[in-house]
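One-letter residues, chain by chain:
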Amino acid sequence: MAQDVVRPLIAATAAALVLAAASVAHAQITFKSPSWNELSPQERQVLAPLAPDWDKLDAQRKQKWRGVAQRYPTMQSEEQQRLQQQMQSWSKLTPEQRRVAREQYKTLKALPPEKKEEVRQKWQEYQNLPAEQKREFAAKPSSGRSTTPMRPSQQPVQQGPTPAGVPAR
């Protein structure tokens, strides 16, 4: 009687181990870390701004960027241009600026929707400023916070009339 219970239990355990081993093997294949020269010509063309740093990226980031390169041909022209500009800007950042940018992205992503909208509005207001005013803000020393050129939260908000009952900033 005990053997009738133990054998199926052993078989189920063995099957689970085989499945687990198969998924680990699959994960190793999925996160293969190709060198720059192992990329297809199309991937190298799309990801060209990342070429100097490619071999320093971890396998997960390489897979992310390869996915972007695969989607690239289906993007509209404006999206492709924006992506290229972002990659070029990113490639010019120091490792410390990149670390700070990643932290800020995680922080912004965790904000509640109303705070995200406030940040988007401030960023849009900043984007609409004349280039000279943007340069002035970039030249000002920070107020003790960790900053990078990509930090939207330190951008000024243009003051306008405030509705009744709403405090001015």
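Relevant structure appears above.
We now turn to the structure provided with this report.

## So, the overall build of the chain
Helices and strands together make up the secondary structure of the chain, namely seven helices and zero strands. Within the chain, counting contacts between residues at least 6 apart in sequence, those at least 24 apart form 49% of the total.

## Observations concerning the packing of aromatic side chains
For the coordinates displayed, the defined rule picks out two aromatic pairs. Between the aromatic rings of W36 and W54, the centroid separation amounts to 5.9 Å while the plane-to-plane angle is 65 degrees, which identifies the pairing as edge-to-face. Taken together, the residues span a long stretch of sequence, with W36 in the loop between α1 (2–30) and α2 (41–46) and W54 in the loop between α2 and α3 (59–71) at a distance of 18 residues. What makes W36 buried here is its relative accessible area of 16%. A residue is classified by how much of its surface remains accessible, and W54, at 0% relative accessible area, is buried. The ring centre of W65 lies 3.5 Å from the NZ or CZ of K64, which sits over that ring. Positioned above the aromatic ring of Y126, the side-chain terminus of K134 is 5.4 Å from the ring centre.

## A look at the side chain of K62
In this fold, K62 is placed in helix α3. Among buried charged residues, K62 stands out as having no salt bridge; its nearest opposite-charge side chain is D55, 4.2 Å away. In this structure the side chain of K62 is engaged in a polar contact, spanning 3.0 Å, whose partner is the backbone oxygen of P34. Look past the residues within four positions of K62 in its chain and what remains in contact with it is S33, P34, W54, D55 and L57.

## Some words on the pattern of salt bridges
Applying the stated criterion across every chain, the model contains nine salt bridges. Notably, a salt bridge pairs R66 with E43, separated by 3.0 Å at the nearest N-O pair. Here the residue R66 occupies a position in helix α3, and E43 occupies one in helix α2, the gap between them amounting to 23 residues. The salt bridge involving R120 is made with E117; its shortest N-O contact spans 3.5 Å. Residue R120 and its partner E117 are located together in helix α6 (residues 113–127), separated by three residues, close to a single helical turn. Judged by relative accessible area, E117 falls into the partly exposed class, the value being 36%. Among the ionic contacts, a cluster of salt bridges with common partners joins D53, K56 and R98.

Calculation criteria
Residue positions are counted from 1 within each chain, in the order its sequence is given. Note on the predicted model: pLDDT of at least 70 is required for a residue's local features to be given, and 80 or more for side-chain atom pairs to be given and counted; whole-chain, interface and lining totals, by contrast, use all residues. Hydrogens and waters are ignored; side-chain quantities use all the structure's heavy atoms. Helix and strand labels come from DSSP, where a helix needs a run of H or I of at least four residues and a strand needs a run of E of at least two; each type is numbered from the N terminus. Any two residues having at least one pair of non-hydrogen atoms within 4.5 Å are treated as being in contact. Working definition: a ring pair exists when centres of Phe, Tyr or Trp rings (six-membered ring for Trp) sit within 6.5 Å. Plane angles under 30 degrees give stacked, over 60 give edge-to-face, the rest tilted. Only protein chains enter the accessibility calculation, which uses a 1.4 Å probe. A residue is then buried if its area is under 20% of the maximum for its type, exposed if over 50%, and partly exposed in between. As a reminder, the over-ring test applies to NZ of lysine and CZ of arginine, requiring each to be within 6 Å of the ring centre and within 35 degrees of the ring normal. For this count, His and the chain ends are skipped, Lys and Arg are scored as positive, and Asp and Glu as negative. Salt bridges are defined by distance alone: a side-chain nitrogen of Lys or Arg within 4 Å of a carboxyl oxygen of Asp or Glu. N or O atoms within 3.5 Å of each other form a polar contact, as long as, within protein, one can give a hydrogen and the other can take it, and as long as residues adjacent in sequence are counted only when both atoms are side-chain atoms.

Treat this as a map of the structure, not an account of what it does.
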